[in-house]
Amino acid sequence: MSNEHLRQQETAHETAMGKAFLCERVVFRGKDLHQELSERDWFSLYLYSITGKFYTPEQMRMLNYIWVCTSYPDPSIWPNHVAELAGNVRSTPSLSLMSGLSISEASIYGRRPDRRAIDFLQRTRKALDAGEELSDLINAALKKYRVIYGYGRPLARLDERVLHLVKKARDLGFADGAHFTLALEIYHYLKKNKRLTINVAALAAAIGADFGMSPEEYQLYLTPCFIAGMVPCYLDGAAKPEGSVFPMRCESIQYSGPERRSW
């Protein structure tokens, strides 16, 4: 980055994304927010903000369903756990929900595996188109990373969302997509040879890939998707006596580390 570029940015913030001309108009990715985008629903606007594209009604229903099918109001799920605890200690709604959202980018669940899942499917699809064998690609990935994101599940053997998402994809006409069919082919190979099942992350990533999303766009699209399940947990925690959510006595903790010792 040149010094001249930095000097220009010191007095003017250059962006192609948008600008609020107060008392006049607001430009949102090249369109007038209050004129050209006023009939769009919020979800459509959110996707446009990420990709700069508008999706068909069927695509919108599919993308919306991916959010809906993973909205679990269960306080034992980690992001929900945090949101409920925050509500129970009387934090604000924004801080409580953002605290839960911030830990949804974990290594074994949430956004980081989602991003790795779509990246693997896109790279694998390109490699297959170039003539490589699927079994070789799968085994190479397992040898290098030990896992393929979207297959297997940390806490359960089966994913109850898979059948519902497959049905929705078939109903809306997306079950024949190149990445969607690939995700299922990988599942059949892993089930036969590694006794691994598929989870919803692989199929959702396949939909994102078939809709032309990059890994960055796909991660942004999914970032808020746990919010609907967090809100009931926050409200539940806020309605209970302060400090009463998940109380645990010291003697209830099962500890298997080193015994008490002098230093």
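Residues numbered from 1 in each chain as written. Predicted model: local features only at pLDDT ≥ 70, side-chain atom pairs only at ≥ 80, totals over all residues. Heavy atoms only, no water.

(A) Structural context of the sheet that holds strand β3 (residues 31-32). Read from one edge to the other, the open sheet built from three strands follows the order β1-β2-β3, with strand pairing classed as antiparallel. A strand with exactly one partner marks an edge of an open sheet, and here the two such strands are β1 (18-21) and β3. Bridging between β1 and strand β2 (residues 25-28) involves four bridges; their strand directions are antiparallel. Note that in β2 the partner of Lys 19 across the bridge is Val 27. (Pairing = 2+ DSSP bridges. Helix = DSSP H or I, 4+ residues; strand = E, 2+ residues; numbered from the N terminus.)

(B) Representation of the pattern of salt bridges within the structure. Evaluated as defined, the whole model comprises 11 salt bridges. For Lys 167, the salt bridge is made with Asp 171, and the minimal N-O distance between the two is 2.9 Å. Of this pair, Lys 167 and Asp 171 both sit in helix α8 (residues 161-172), four residues apart, which is roughly one turn of that helix. With respect to class, Lys 167 is no different from Asp 171; both count as exposed. Residues joined by salt bridges that share partners form a network here, namely Glu 84, Asp 236 and Lys 240. (Salt bridge = Lys/Arg side-chain N within 4 Å of Asp/Glu carboxyl O. Buried < 20%, exposed > 50% of the residue type's maximum accessible area, 1.4 Å probe, protein only.)

(C) Region of interest: the side chain of Thr 124. Structurally, Thr 124 can be placed in helix α6 (residues 111-129). You can call Thr 124 buried: its relative accessible area is 3%.

(D) Here's a closer look at unusual backbone geometry. Phi is positive for Arg 90, close to 70 degrees, though the residue is something other than glycine. With respect to the element layout, Arg 90 can be found in the loop between α4 (78-88) and α5 (93-102). Positive phi, close to 50 degrees, is recorded for Phe 246, a residue that is not glycine. Inspection of the secondary structure puts Phe 246 in the segment after α12 (227-239).

(E) Quick look at the packing of aromatic side chains. Inspection of the entire model under this criterion finds 11 aromatic pairs. Ring geometry for Trp 78 and Tyr 109: centres 4.9 Å apart, planes at 25 degrees, overall stacked. Of this pair, Trp 78 sits in helix α4 while Tyr 109 sits in the loop between α5 and α6, and the two are 31 residues apart along the sequence. Counting every residue linked through ring pairs, the aromatic cluster contains Trp 42, Phe 43, Tyr 46, Trp 67, Tyr 218 and Tyr 221. Sitting over the face of the ring of Phe 226, Arg 111 holds its NZ or CZ atom 4.5 Å from the ring centroid. The ring of Tyr 65 is capped by Lys 168, whose NZ or CZ atom sits 5.1 Å from the centre of that ring. (Phe/Tyr/Trp six-rings, centres within 6.5 Å; stacked < 30°, edge-to-face > 60°. Lys NZ or Arg CZ within 6 Å of the ring centre and 35° of its normal.)

(F) View of helix α3 (residues 57-68). Taking 1.5 Å of rise per residue, 12 residues should cover 16 Å, and α3 covers 16 Å from first to last C-alpha, within 8% of that figure. Among all positions in α3, only Gln 59, Met 60, Met 62, Leu 63, Tyr 65, Ile 66 and Trp 67 are buried. Contacts made by the buried residues of α3 are with α2 (42-51), α8, α10 (200-210) and α11 (215-222). (Expected span 1.5 Å × (residues − 1). Contact = heavy atoms within 4.5 Å.)

(G) Inspection of the environment of Phe 28 at higher detail. By the element assignment, Phe 28 lies in strand β2. Residue classification places Phe 28 among the partly exposed residues on the basis of a relative accessible area of 22%. Along the chain, Phe 28 and Val 166 lie 138 residues apart, while their C-alpha atoms are 34 Å from each other. Apart from residues no more than four positions distant in its own chain, Phe 28 is found in contact with Met 17, Leu 33, Leu 37, Leu 45, Tyr 48 and Ser 49.

(H) Structural detail: the nonpolar core. By size, the foremost hydrophobic cluster in this structure holds 60 residues, and its most contacted members are Met 62, Leu 63, Tyr 151, Leu 165, Phe 180, Ile 186 and Tyr 221. When sequence neighbours within four positions are dropped, the list of residues in contact with Ile 186 reads Phe 120, Leu 121, Leu 134, Ile 138 and Tyr 151. (Core = buried A, V, L, I, M, F, W, Y, C linked by side-chain atoms within 4.5 Å.)

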